[in-house]
Amino acid sequence: MRLPHGEDPRDVVARGYDRMGATYASWAQESHDPAREEHTALLLDALPPGSPVLDLGCGAGLPTTRTLAEHLDVLGVDISFEQLVRARRNVPRAAFVQADMAELNLAPGSVAAVAAFYSIIHVPREEQAALLGRIRCWLQPDGLLVVTLGVGADPGTVDAFFDQPMYWSSYDAEAYLRTVAEAGLEVQSAVHRQVDEFGSPVTFLWVLARAPA
Ligand SMILES: C[S@@+](CC[C@H](N)C(=O)[O-])C[C@H]1O[C@@H](n2cnc3c(N)ncnc32)[C@H](O)[C@@H]1O
């Protein structure tokens, strides 16, 4: 997938987060985001300590990767080199890999859960169904996915985010619930939650889904 000016959306995303430095992580840490807290707690309550967990689009690791890594064996994946430099410093007990999550290779059945908080929203929507299928394959039987998704149909937009051009893409919530089910995951809960972004409420779809036993 290419943007009208020929650029790969992944390059826009990686460059944007590289240049954002610590700004996004500071903001995410200070944001009042009960949905983030609830869904982090869901994973911590459901998983035995030390379970292998994949954090897709982990950013600088604050606050979620760090909280998960206090109890679980976390592999953080991010496309931004600079965010990972920070993540390694912020969460020394987790392991990190720089990769495009849509191209990531992991052994089938190797993780007990996948957390993808506010990250798949940056993957071109045409690639998201295949990504969900890959996530399903990486999960152990009964494994969990917790994912933040968009709620409106957006074929792909570049907009400013923390003063950097940033790319987003999404389907509507109904399409996502179908896509998650088609990936072979059973939706356990799906809720719309708002978070304040610079004084305006922005709505996301939070989905908890389970791989078959
Ligand atoms: C909005 S931040 C979310 C960070 C963290 N998960 C959180 O909840 O605060 C999105 C992160 O996803 C990463 N990301 C976006 N697209 C990606 C892709 N295709 N592969 C890997 N990481 C990606 C970005 O680099 C960025 O660090």
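If you're wondering where the values come from, they're calculated on a predicted model, not measured in any experiment.

Trainee: What's the story with unusual backbone geometry in this structure? I'm lost.
Mentor: Where the residue is not glycine, phi is negative for most of them; where a peptide bond is considered, it is trans in most cases. Residues leucine 62 and proline 63 are joined by a peptide bond in cis, for which omega reads 5°. Positive phi outside glycine occurs at phenylalanine 162, with the angle close to 50°. With respect to the helices and strands, the residue phenylalanine 162 is situated in the loop between β6 (154-161) and β7 (164-170). Under the C-beta neighbour-count criterion, phenylalanine 162 is labelled partly exposed, with 14 such atoms within 10 Å.

Trainee: Teacher, can you tell me more about the pairing of β7 here?
Mentor: Note on strand geometry: in a regular strand, side chains alternate between the two faces of the sheet. Two strands pair when backbone bridges link them, and β6 and β7 are joined in this way by six bridges, in the antiparallel orientation. Counted as the bridge partner of aspartate 154 is serine 170 from β7. Between β6 and β7, which pair antiparallel one after the other, the connecting turn spans two residues, and phenylalanine 162 there sits at a positive phi close to 50°.

Trainee: For this particular structure, what's the right way to read helix α3 (residues 34-46)?
Mentor: An α-helical turn contains 3.6 residues, so any two residues separated by three or four positions project in the same direction. Here α3 contains 13 residues, and its C-alpha end-to-end distance of 18 Å stays within 8% of the 18 Å for a straight helix at 1.5 Å per residue. Residues Arg36, His39 and Leu43 constitute the buried set of α3. The buried residues of α3 occupy an angular sector of 80° when projected down its axis, which confines them to one face. Away from its buried face by more than 90 degrees, α3 exposes Pro34, Ala41 and Asp45. Those residues of α3 that are buried are in contact with α4 (64-69), β4 (111-116), β5 (139-149) and β9 (200-210).

Trainee: I tried to follow the nonpolar core on my own but got confused; where do I start?
Mentor: Generally speaking, nonpolar side chains in soluble globular proteins are found buried as a group. Grouped together as the largest cluster of nonpolar side chains are 59 residues, with contacts concentrated most on Val53, Val114, Ala115 and Leu145. Among residues more than four places away in sequence, those in contact with valine 114 are Leu54, Leu56, Ile135, Trp138, Leu139 and Leu145.

Trainee: Is there a simple way to think about the environment of valine 97 in this case?
Mentor: Residue placement: valine 97 occurs in strand β3 (residues 95-98). Residues valine 97 and isoleucine 79 lie 18 residues apart in sequence; the distance between their C-alpha atoms is 8.6 Å.

Trainee: I'm lost on helix α1 (residues 9-20) in this one. Help?
Mentor: Taking 1.5 Å of rise per residue, twelve residues should cover 16 Å, and α1 covers 16 Å from first to last C-alpha, within 8% of that figure. Those residues of α1 not exposed but buried are Pro9, Val13, Ala14, Gly16, Tyr17 and Met20. The buried residues of α1 all sit within an arc of 160° when viewed along its axis, so they share a single face. The elements touched by buried residues of α1 are α2 (23-30), α5 (81-90), β6 and β7. Positive backbone phi, at 55°, marks glycine 21, one or two positions downstream of α1.

Trainee: How do you make sense of the site of the ligand when you look at a structure like this?
Mentor: Surveying the vicinity of the ligand reveals 22 residues, the closest of which are Gly57, Gly59, Ile79, Phe117 and Ser119. Secondary-structure elements contributing two or more residues to the shell around the ligand are α1, α2 and β2 (73-78). When residues in the shell around the ligand are grouped by element, the largest group, three residues, is from α1. Each residue belonging to the shell around the ligand can be placed in one class, and the counts come to twelve nonpolar, seven polar and three charged.

Trainee: Whenever I open this one, the environment of tyrosine 167 confuses me. Can you help?
Mentor: Looking at the element boundaries, tyrosine 167 is found in strand β7. Counting along the chain gives 159 residues from tyrosine 167 to aspartate 8, while the straight-line C-alpha distance between them is 9.9 Å.

Trainee: How should I be thinking about the sheet that holds β3 in this particular structure?
Mentor: In a beta sheet, neighbouring strands pair by backbone hydrogen bonds and run either parallel or antiparallel. Across the sheet, which stays open at both edges, the seven strands sit in the order β3-β2-β1-β4-β5-β9-β8 with mixed pairing between neighbours. Pairing within the sheet leaves two strands with one partner each, and these edge strands are β3 and β8 (186-197). For this sheet, the mean inter-axis angle between neighbouring strands, taken without regard to orientation, is 15°. Relative to β9, β8 runs antiparallel, the two sharing eleven bridges. For valine 187, the partnering residue across the bridge sits in β9 and is alanine 209. Strands β4, β5, β8 and β9 of the sheet are contacted by α3, whose axis makes an angle of about 175° with β5.

Reading the values: the criteria
Within each chain, residue numbers correspond to sequence positions counted from 1 in written order. Local features in this predicted model are restricted to residues whose pLDDT is 70 or higher, and side-chain atom pairs enter the listing and the counts only when it is 80 or higher, whereas totals over whole chains, interfaces and linings include all residues. In this description a helix means any DSSP run of H or I spanning at least four residues, a strand means any run of E spanning at least two, and both kinds are numbered starting from the N terminus. Residue burial here comes from a neighbour count, namely the number of other C-beta atoms, placed from the backbone, that lie within 10 Å of the residue's own C-beta, with 20 or more meaning buried, 12 or fewer meaning exposed, and in between meaning partly exposed. Note on pairing: DSSP must find at least two bridges between two strands before they are called paired. Multiplying 1.5 Å by the helix residue count minus one yields the expected span of that helix. Working definition: the arc comes from the directions between the helix axis and the C-beta atoms, pointing outward to the latter. Throughout, a pair of residues is in contact if the C-beta atoms placed from their backbones lie within 7 Å. Linking buried Ala, Val, Leu, Ile, Met, Phe, Trp, Tyr and Cys residues through C-beta atoms within 7 Å yields a set, and such a set is a nonpolar core. Any residue whose C-beta atom, as set from the backbone, lies within 6 Å of a molecule or strand is reported as near that molecule or strand. Lys, Arg, Asp and Glu make up the charged group, whereas Ala, Val, Leu, Ile, Met, Phe, Trp, Tyr, Cys and Pro make up the nonpolar group; the residues left over, Gly among them, are polar. The angle between two axes is taken between their N-to-C directions and runs from 0 to 180 degrees, where each axis is a line fitted to C-alpha atoms and a helix contributes only its stretch in contact.

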